[in-house]
Amino acid sequence: MIWINALVQGLLLGGIYALAAAGLALVFGVMRIINMAHGEVIVLSAFLTQMVTGALGINPMLAAVLILPLMAALGYGLQRGLINRAVRSDPLPALIMTFGLSIIAQNVLVTLFSADSRRLDVGPLATASLRLMPGISVGVLPLAMFAVAVAALVMLHTLFYRTGAGRAFRATAIDADIARTMGLDTDHVYGLVTAIAFALAALAGIFLGIYSSFDPFIGPSRLIFAFEVIVIGGMGSIYGALAGGMILGVSQALGAQINPQLQQLAGHLVFLAVILLRPQGLFARNRS
Amino acid sequence: MIEPRLAAPRLSVEGLSSFYGSFQALFGLDFDLAPGEVLALIGANGAGKSTLLKTLTGLLKAPPGCIHHNGECLSTRTPATITRAGIAMVPEGRRLFATLTVEENLLIGGHVRRAGVWSLEAVYDLFPALRAKRHQLGPQLSGGQQQMVAIGRALMANPDLLLLDELSLGLAPVVVEEIYRALPRIVGPGISAILVEQDITRALAVSDRYLCLRGGRVVLAGPSAGASTAAIIDAYFGVSA
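A brief look at the structure comes next. (Residues numbered from 1 in each chain as written. Chains lettered and ligands numbered in written order. Predicted model: local features only at pLDDT ≥ 70, side-chain atom pairs only at ≥ 80, totals over all residues.)

The number of helices and strands found in chain A is 11 helices and 2 strands. Counting from the amino terminus, chain A carries its helices and strands in the arrangement α-α-α-α-β-β-α-α-α-α-α-α-α. Computed over C-alpha atoms, the radius of gyration of chain A comes to 19 Å, within 12% of the 19 Å expected from 2.2 N^0.38 for 288 residues, which places it in the range of a compact globule. For the C-alpha atoms alone, the extent of chain A along its principal axes is close to 60 × 45 × 30 Å. A total of 288 residues make up chain A; the buried ones form 47% of that total. (Helix = DSSP H or I, 4+ residues; strand = E, 2+ residues; numbered from the N terminus. Rg over C-alpha atoms; globule rule 2.2 N^0.38 Å. Buried ≥ 20, exposed ≤ 12 C-beta atoms within 10 Å, placed from the backbone.)

Moving on, we get to the overall build of chain B. Scanning chain B from terminus to terminus reveals 9 helices and 10 strands. Its C-alpha atoms give chain B a radius of gyration of 17 Å, near enough to 18 Å, the size a compact globule of 241 residues would have. Every one of the 241 residues in chain B was classed for burial, and the buried ones make up 44%.

Glancing now at the sheet that holds strand E6 (residues 87–90) of chain B. Residue and element names in this part refer to chain B. The 6 strands lie next to each other as E6-E7-E8-E3-E9-E10, forming an open sheet whose pairing is mixed. Looking along the sheet, the strands with just one partner apiece sit at the ends: E6 and strand E10 (217–223). When the angles between neighbouring strand axes are averaged without regard to direction, this sheet yields 15 degrees. In terms of strand pairing, strand E3 (residues 38–42) meets strand E9 (residues 209–214) through 4 bridges, oriented parallel. The partner of Leu-39 across the bridge, within E9, is Arg-209. Those strands touched by helix H6 (residues 143–155) are E6 and strand E7 (161–165), and its axis lies near 175 degrees from that of E6. Against the sheet, helix H9 (residues 229–237) contacts E3, E9 and E10, and its axis sits at roughly 30 degrees relative to E9. (Pairing = 2+ DSSP bridges. Axes fitted to C-alpha atoms, helices over the stretch in contact; angles between N-to-C directions. Contact = placed C-beta atoms within 7 Å.)

This brings us to the interface of chain B and chain A. Facing the 21 residues of chain B at the interface are 15 residues of chain A. Counting only elements with at least two residues in the side of chain B that touches chain A, the list comes to helix H2 (79–85) and helix H3 (102–109) of chain B. The class makeup of the residues in the side of chain B that touches chain A is 13 nonpolar, 5 polar and 3 charged. (Nonpolar A, V, L, I, M, F, W, Y, C, P; charged D, E, K, R; others polar.)

The subject of this paragraph is the sheet that holds strand E2 (residues 23–33) of chain B. Residue and element names in this part refer to chain B. Reading across from one edge, E2-E1-E4-E5 is the order of the 4 strands in this open sheet, with antiparallel pairing throughout. The two strands at the open ends of the sheet, each matched to only one other strand, are E2 and strand E5 (72–73). Sheet topology places strand E4 (residues 67–69) next to E5; 2 bridges connect them, and they run antiparallel. Looking at the pairing, His-68 lines up with Cys-73 of E5. This element, helix H1 (residues 49–57), spans strand E1 (11–20), E2 and E4 of the sheet and lies at about 70 degrees to E2.

Another point: the pairing of E10(B). Residues and elements named next belong to chain B. Across 6 bridges, the pairing between E9 and E10 is antiparallel. Of the residues in E10, the one forming a bridge with Arg-209 is Pro-223. Between E9 and E10, which pair antiparallel in sequence order, lie 2 residues; one of them, Gly-215, sits at a positive phi of approximately 55 degrees.

We now examine helix H11 (residues 263–277) of chain A. Residue and element names in this part refer to chain A. Across its 15 residues, H11 extends 22 Å between first and last C-alpha, which sits within 8% of the 21 Å expected from 1.5 Å per residue. Every buried residue of H11 is accounted for by Ala-266, Gly-267, Val-270, Phe-271 and Val-274. Looking straight down H11, one finds its buried side chains confined to an arc of 135 degrees; they lie on one side. Those residues of H11 that are exposed and aimed more than 90 degrees away from the buried face are Leu-272, Ala-273 and Leu-276. (Expected span 1.5 Å × (residues − 1). Arc of directions from axis to C-beta.)

It is worth spelling out the pairing of strand E2 (residues 136–139) of chain A at this point. In regular strands, side chains alternate between the two faces of the sheet. All names here are of chain A. Pairing geometry for strand E1 (residues 129–133) and E2, over 4 bridges, is antiparallel. Across the sheet, residue Leu-130 finds its bridge partner in E2, namely Val-138. If you look at the hairpin formed by E1 and E2, you'll find 2 residues sitting between the two strands, and Gly-135 has a positive phi there, around 90 degrees.

Before going further, it helps to examine the packing of helix H9 (residues 219–233) of chain A against helix H10 (residues 238–258) of chain A. Residue and element names in this part refer to chain A. Between H9 and H10, whose axes approach to 7 Å, the crossing angle comes to 115 degrees. Note on packing geometry: the crossing formed by H9 with H10 is right-handed. Residues Phe-225, Glu-228, Val-229, Ile-230, Ile-232 and Gly-233 of H9 pack against Gly-240, Ala-241, Ala-243, Gly-244, Gly-245, Ile-247 and Leu-248 of H10. For the contact of H9 with H10, the class distribution of residues is 8 nonpolar, 4 polar and 1 charged. (Left-handed = near helix turned anticlockwise from the far one by under 90°.)

Okay, the packing of helix H2 (residues 38–56) of chain A against H9(A) next. Two numbers describe a pair of packed helices, the interaxial angle and the distance between the axes. Residues and elements named next belong to chain A. With their axes 7 Å apart at the nearest point, H2 and H9 run at an angle of 120 degrees to one another. Here H2 lies oblique to H9, going by the angle between them. Remark: the crossing between H2 and H9 carries right-handed chirality. Contact with H2, carried on its side by His-38, Gly-39, Glu-40, Ile-42 and Val-43, involves Gly-219, Pro-220, Arg-222, Leu-223 and Ala-226 of H9 and no other residues of that element. Its residues placed into classes, the contact of H2 with H9 shows 5 nonpolar, 3 polar and 2 charged. (Parallel < 35°, antiparallel > 145°, perpendicular 65-115°, else oblique.)

Following this line, the structure appears as C-alpha cells:
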C-alpha cells in the first residue's frame, strides 16, 4: 500500500513539475532561447505570493489571480525590453544574458527577502485528505493543484493548436523571417510567448512553494527539474511534458520510499537513463 | 506623411543600394513599375535578384527614401508594415511552415487582412489540388503543390505587388507549365508583379518589361515583347557585343 501511495503522490507532484517545465519548453520551442533564469521566475513568484498573502491576508491559491498577470506582464516587458535584443540564430548571447539575469535575480531576492527558507501557508487546507480506498488517501490540496496544472496545460495546448494566436506562434517558431513577411510582428509574438511562459512558471512557483520550502538560491534546482522533465518527455510536446513531469515525480516518490535520501537521486538516474537510451525523449514528436 | 498621388507608380525605386554587412550587393538601382505591370528580373546567381526582393520586403535594410510604393516611402519600414502596405513575397525555395497544415499556412498569409478578392475559397478555386490537401502538412505535398501553397499564402495578403522568387526552382517542366498557367489569373487586375526566373524565354513571355542584373547593377532593361534574347544573354554573362 505504501508503494501505491507513493506512486499517487508522485503522479500528483509530477503535474506541477510539468507546469514548471512547460514555460521553459515554450520559450525554447519558439525562440530557441534556453532561459537560465527560469528557476528564478518560479522562485520570485513564490516570494511575491507570500508578500501578497501577508499583506492582504488571502490564501495563496487566491493570490495566483494577482500574481499570474503580474508575472506575465513582467515577462512581456523583459522580453521586449531586453531579451529580444539577443534573439538570433546563435543561441549563445541569449543563454549568457539569461544566465546573468538569473544571478542578478538571486542577489536581488536575497537582499529583499533575506536567505531564510520559507513556505507558503495554505491553512487547514494543507491537511485535508480524501480516502480513495482503505489504505490509500490523497491530499485535497495536491489533487486540486494537479487538476489546475493539467487544466493549464490543456489550455496551453488548445491555444497553440486551435487558435489564430497559436498558429502565429508556431509559424514564428518555424521561420521568423517568413512570418515577418506575412505581416506578423515577431517581437510582439516573442513577448506574448514569454508572458505565457512566466504565467505558467508563476503558477508552478506558487504550487511548489506550497509543496516545499524555498529560498532565494533554490532557482537552479527548480531549473534542473524543469530540464529533466523536458528531456524525459521530449522537446516540443506539451503532453510529453506532462508525461515527463509525472515520470520524474513518480521516480522521486518511489526513490524516497526506498530511502528518503534517494528522492533527488532517483529522479536524476531516470533522467540519465532516458538520455542514454532515448535521447530524443520518450514522447518526442517526429519531425520530418 | 505624403498623400499618395493618384498617378503614382505602384513601385518606384531610386538609387537603391543594399548591403550584407560590409558587402555591397546592389549598386544604385533605378526602376518604376506601373499598376498591373509584370517585371521580370533576369540575371545569373549572385547578380542581386533575390537581394532586391529581400530589400523590397524589408528583410534587408534599404537606405531611406529609395523605395516608394503607391507614393508612400517604404524604405526603413519593418517587413510587417510593408506587407500591410500591400507587398507580398513568394520566397525562393517556397519556405512553407512545415509543421502547419496547408490551410494554416494560407491563414498565416492572410494575417494582415487587407481587403481584396483573395480568400481561402479563392485560392482553392485557383489551385483545386490544394482543396483536398488542406489538412495535410507542407512536406506531404508534391513540389508543385508546395509552390501553389506558397503562392496562395502570398495572395492571402491581398497584395497589389507580388514578388515571385524562382517559381520553377526544382520543379518538373510540366509542373512549371501548370503554375505559370495560373499567373494571368493572379496578376493583371491592379496587381503588379516582380518575377525572378532563370528561364529567359519564359521570363520574357510572361512579363511586360525586363531588367537584367549583373553584379548588383542594371546592365540591360526594356520591354519584353520583341526583346533580343541574344542581347540579354550577352548582358547576363557580361560579354561585350
